[in-house]
Every structure is written in C-alpha cells, then in structure tokens.
Amino acid sequence: MKSKKKILAIIPARANSKRLKNKNILTINGKPMIDWTIEEVFESKLIYSIIISTDIKYLFRRQKYQSMLLKRPKELCRDDSPLDDALRHAVEKAEKRDNCKYDYVLMTHCNIPIRKEGEIDKLIKIAIDNPDATSVVTGVEINEPPSWMFTMAQDGYFYRASNDTRFRRQDFNLWNIDGAIEIIRTDILMKADGQKAFDYFGDKILIIPHGRKYSLEIDDQETFNYVEYLMKNNK
C-alpha cells in the first residue's frame, strides 16, 4: 500500500570512481553491486517512484532499468560536483515526468549493499510520523572523540585536529551519518544553498542507529573483500 505522502527514491550512481574502479557495478556476491540497492528499494511498500541518477553507460544497456534511468549531466558528474545538486536535478525531472510534487526524497548509496530487511520503510514511517524533522537518516556512533584525531601538515608532522580538551570517549555523543538510508524533506533539499556540508539535511535531523555492518561503504578493495565475505557467509 502506497503512502499518502509521495516518496521519490533516488539512487545516485556516478561512473569513474577513483579508488575502486567501476565500484557501483562490480559483481559482488553474484550480482552487480547496484542491484542489491535497487532490489531493496523495490521491496518498499511506501515509495511512489524511483530514479537512478547516473552516467554509467552499462546501466543504459540494461533493459530492466530503462524506466528508472536519468542521465546525469556532465557538470554534475565531476569529482567536485556537490551530490545535492544531482539530487535537485533528479527531483525536478521526476516531478515533471510524474506530474506531481514529492514530499520526501529517499536517497540510498549503491556502494552500501548490505541493508536490514524492512529498514527503508521503517525510516519512511519515522519521517512521516515526525513532520518537524527535516531528515531521517541511518548512522552509527563514533567511538573516537575529536581530541584523538590528528592531521598531517605540509612539513610532514601530525598536529591535533581539534582543540577540544575532553579526552574520555564517554564524554562525547558523536554520530556519523553513514549514507545507507536518508529520508529528506523535499522542501529542505530544494532550498539548500550549499554554504555548509550536508545543509540539505536541514537542522532537525533524526539519526536512527543500526549495526555497523549495515553502514559499510565500499570505496576500496579491502572493504569490498570484507563486505563480500559477510554477504557470502551471512554474517
């Protein structure tokens, strides 16, 4: 049964990944990585429409995805192109195509192939039940406080990344938005100006914790091997 709120799912999939070549379409546990995400989105009972925002030529050759594909313009495919610009482009095209206005955008990254069953609809329901929330996202607690962090300078030495004097882990309550599932109010996304990182999430964010294996983002071969091991062995 569809939600009374219109939910647009956007799956961003850019070509030319640097650290792990063609990561979004690499075969992992028997199928292209992006397929795991698409199939999870398909399982949702609340999503109205799906857009795959991409410049990956391989996807345009796959007949099963033709109705969902949106060619992402070159200027939105650079390494320094803000992701939220691509999201706004997808929303504008989808609303014109579907002749409607969307209340929420669900974004899910395709290089996070392990997801908890039913979690997408769980977050959508939380967003609908909390209309003041500007976004509802998955995340994990950060174990290392800022006072433990160092950054390397041009002279080769490492210097403290934060002036925070608190040292004990229990003194902090820090969370990382992991990109597995993100529900964003469309009005907030469309008016974000990009002046600060992730401003398109708005200022009233609900982070829903989940297990660390559901937040594993594949950007290198080592993580790919580990995630595939978990998938094959049902860990």
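What counts, and at which threshold
Residues numbered from 1 in each chain as written. Predicted model: local features only at pLDDT ≥ 70, side-chain atom pairs only at ≥ 80, totals over all residues. Heavy atoms only, no water. Helix = DSSP H or I, 4+ residues; strand = E, 2+ residues; numbered from the N terminus. Rg over C-alpha atoms; globule rule 2.2 N^0.38 Å. Contact = heavy atoms within 4.5 Å. Areas by Shrake-Rupley, 256 points an atom, 1.4 Å probe, with all protein chains shown as cover. Pairing = 2+ DSSP bridges. Axes fitted to C-alpha atoms, helices over the stretch in contact; angles between N-to-C directions. Patch = residues over 30% accessible without salt bridge, like charges linked within 9 Å, V, L, I, M, F, W, Y side chains within 5 Å. Salt bridge = Lys/Arg side-chain N within 4 Å of Asp/Glu carboxyl O. Lys, Arg positive; Asp, Glu negative; His and termini not counted. Charge placed at Lys NZ, Arg CZ, Asp CG, Glu CD. Buried < 20%, exposed > 50% of the residue type's maximum accessible area, 1.4 Å probe, protein only.

Further remarks concern the overall build of the protein. Secondary structure assignment for the protein yields 6 helices and 11 strands. Here the C-alpha radius of gyration of the protein, 19 Å, is about what a compact globule of 235 residues would show, namely 18 Å. Projecting the C-alpha coordinates of the protein onto the three principal axes gives extents of approximately 55 × 40 × 40 Å. Sequence separation of 24 or more characterises 73% of the internal contacts of the protein that already satisfy a separation of 6 or more. In the structure as shown, the protein presents an accessible area of about 13500 Å², 49% of it carried by carbon and sulfur atoms.

Let's shift gears to the sheet that holds strand β6 (residues 104–107). Read from one edge to the other, the open sheet built from 7 strands follows the order β5-β4-β1-β6-β10-β7-β11, with strand pairing classed as mixed. Edge strands, defined here as strands with exactly one partner in the open sheet, are β5 (69–71) and β11 (205–209). Averaged over neighbouring strand pairs, the angle between their axes works out to 30° when direction is ignored. The pairing of strand β4 (residues 49–54) with β5 spans 3 bridges and is parallel. The residue of β5 that forms the bridge with Thr54 is Lys71.

On to a positive patch on the surface, then. Together, Lys57, Arg61, Lys71 and Lys74 give the surface a local cluster of positive charge. Its location among the elements puts Lys57 in helix α2 (residues 57–60). Taking the relative accessible area as the measure of exposure, Lys57 reaches 66% and is therefore exposed.

Here helix α4 (residues 119–129) has its buried residues at Glu119, Ile120, Asp121, Leu123, Ile124, Ile126 and Ala127. Residues of α4 that are buried sit in contact with β1 (7–13), α1 (33–42), β6, β7 (135–141), β10 (175–185) and β11.

Distances and angles like these do not, on their own, reveal function.
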